[in-house]
Amino acid sequence: MELWFTEYQTPAIGFSCKSTGTLRTEKTAYQDLAVIETEQFGRMLLLDGMVMTTEKDEFIYHEMISLIACNSHPRPSKVLIIGGGDGGTLREVVRHPAVEQGTLVEIDDRVIQAARDFFPSLSCALDHEKSKVLVEDGIKYVQEHENCYDIVIVDSTDPVGPAIELFSKSFYANVYKVLKDDGMLVVQSDSPYYHPDVVKMAFNGIKEIFPLTRLYLANIPTYPSGLWSFTVGSKKYDPQEPCHSHQEGCRYYSLELHKAAFQLPVLVEQLIGNGE
Ligand code: SAM
């Protein structure tokens, strides 16, 4: 008998892939967690029935959420990652030669444990000498810190459950305070095709707080519609202009793609109000 996993990416759209077994299911203090084996994408981490990351295509998201900011900030010494408990973003951040410390603030320690148990290629940097891992609520963490990070990356789930606040203006204002005076914020801002409201909420919220706001795109096969957005809020530097040339070992990111990622289709320009 064939087994298929389906993520309902909208009430009318399902993403299905053939599953060859379930490695873990548990209800954590924050969400339903599952790890399944799939024929096409290898091991897959699911939270509340949504694909978080897979062995086969994780590199796209983790390179693109990390390297656009790390390569366009002249001194990306101290980087804060909120969420990202699978460790993939932290791996890319601490791999960057100019980064001195990557601090991960993940609310659910069971996600970190699942990454350690089933995704060694993702969790390999959790014990890196440049890494610091805290199990805390990122919303609280940014309220309690000030002027100490060059880059903040919000690698969160979609605006549900403990992540709802991570898409709020008050959170972005607290991130502004946590950043140094030339700091940069990057957030995953969802799918322009299936969740335009989330894209607009993130972009407009950041635009109200930061002097410079830019959106860029990447193609991620296992994310809703396959077209994914990231939004940058910058206090000083233009994220479109790389000032480092780190691209070693990358399989999706390149310095040419860095600039091209900011070239947006008309429908996305209009969505964020640039087309008006
Ligand atoms: N790449 C994925 C995506 O785009 O959906 C996100 C991956 S990562 C697994 C998302 C993480 O955000 C989860 O582990 C979740 O526990 C964490 N998270 C959600 N809300 C949080 C909060 N308030 N503070 C810290 N971590 C949070």
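Counting restarts for each chain, with residues numbered from 1 along the sequence as it is written. In keeping with the predicted nature of the model, local features appear solely for residues at pLDDT of at least 70, side-chain atom pairs appear and are counted solely at 80 or more, and the whole-chain, interface and lining totals rest on all residues. The basis for the side-chain values is all heavy atoms of the structure; hydrogens and waters are excluded.

**Student:** Quick one: what's the story with the sheet that holds strand S2 (residues 13-27), residue by residue and with numbers?
**Tutor:** When DSSP finds at least two bridges between two strands, those strands are taken to pair. Helix numbers and strand numbers start at the N terminus; a helix is a DSSP run of H or I with at least 4 residues, a strand a run of E with at least 2. Strand order across the open sheet formed by five strands is S1-S2-S3-S4-S5, with antiparallel pairing between neighbours. Edge positions in the sheet fall to strand S1 (3-10) and strand S5 (50-54), since each has one partner strand and no second. Shown here is a sheet whose adjacent strand axes are inclined to one another by a mean of 50°, direction ignored. Pairing of strand S4 (residues 42-47) with S5, which is carried by four bridges, proceeds in the antiparallel orientation. Paired with Met44 across the strands is Thr54, a residue of S5. Seen against the sheet, helix H3 (residues 109-118) touches S2, strand S3 (32-38) and S4 and runs at an angle of roughly 95° to S2. Helix axes use the C-alpha atoms of the stretch in contact, all axes being lines fitted to C-alpha atoms, and the angles between their N-to-C directions lie in the range 0 to 180 degrees. Whether two residues are in contact is decided by their heavy atoms, any of which lying within 4.5 Å being enough.

**Student:** Please provide a residue-by-residue account of the sheet that holds strand S10 (residues 179-188), values included.
**Tutor:** One open sheet accounts for seven strands, arranged S8-S7-S6-S9-S10-S12-S11; its pairing is mixed. With one partner strand each, in any of the chains shown, strand S8 (131-135) and strand S11 (212-219) form the two edges of the open sheet. Averaged over neighbouring strand pairs, the angle between their axes works out to 15° when direction is ignored. Relative to S10, strand S9 (residues 149-155) is paired through five bridges, and the arrangement is parallel. Directly across from Val154, in S10, lies its bridge partner Val187. Relative to the sheet, helix H1 (residues 58-72) contacts strand S6 (78-83), S9, S10, S11 and strand S12 (227-234), its axis offset from that of S9 by approximately 160°.

**Student:** So what's going on with the nonpolar core? Residues and values would help.
**Tutor:** Counting residues in hydrophobic clusters, the biggest one holds 36 residues, and the most contacted among them are Met64, Val79, Ile153, Val186, Tyr216, Ile220 and Phe230. Elements that contribute at least two residues to this core include exactly H1, S6, helix H2 (88-95), S9, S10, S11 and S12. With nine residues, the top contributor of residues to this core is H1. Filtering out sequence-adjacent residues up to four positions away, Phe230 remains in contact with Tyr61, Met64, Ile65, Val186, Val187, Gln188, Ser189, Arg214, Leu215, Tyr216, Ala218 and Ile220. Put simply, buried Ala, Val, Leu, Ile, Met, Phe, Trp, Tyr and Cys residues joined by side-chain atoms within 4.5 Å make one nonpolar core. Only protein chains enter the accessibility calculation, which uses a 1.4 Å probe; a residue is then buried when its area is under 20% of its type maximum, exposed when over 50%, and partly exposed in between.

**Student:** Mind laying out the site of the ligand, listing which residues take part and the relevant values?
**Tutor:** What makes a residue near a molecule or strand is one non-hydrogen atom of that residue sitting within 4 Å of it. What surrounds the ligand is a group of 24 residues, the closest being Gln31, Glu106, Asp137, Gly138 and Tyr223. One of the side-chain N or O atoms of Asp155 is found 3.3 Å from a nitrogen atom in the ligand. The definition of a polar contact used here is a pair of N or O atoms within 3.5 Å, where within protein one atom must be able to donate a hydrogen and the other to accept one, and adjacent residues in sequence count solely through side-chain atom pairs. Contact distances for the ligand include 3.0 Å between a nitrogen atom and a backbone N or O atom of Pro162. Taken by itself the ligand offers 600 Å² of open surface, and the protein chains cover 99% of this. Using a grid of 1 Å spacing that covers the protein atoms alone, one calls a set of points a cavity when a 1.4 Å probe fits there but cannot get out, and a pocket when the set is open and has protein on both sides within 12 Å along at least five of seven lines; lining residues are those with an atom within 4 Å of a point. Any molecule with more than half of its atoms within 2 Å of a cavity's or pocket's grid points is regarded as sitting in that cavity or pocket. More than half of the atoms belonging to the ligand lie within 2 Å of the grid points that define the largest cavity. Those elements that provide at least two residues to the shell around the ligand are strand S7 (101-106) and helix H5 (138-143). When residues are sorted by character, Ala, Val, Leu, Ile, Met, Phe, Trp, Tyr, Cys and Pro go into the nonpolar class, Asp, Glu, Lys and Arg into the charged class, and all the rest, Gly among them, into the polar class. Per-class residue counts for the shell around the ligand are eleven nonpolar, seven polar and six charged. Using a 1.4 Å probe, the Shrake-Rupley method yields the accessible areas, and only the shown protein chains count as cover for residues.

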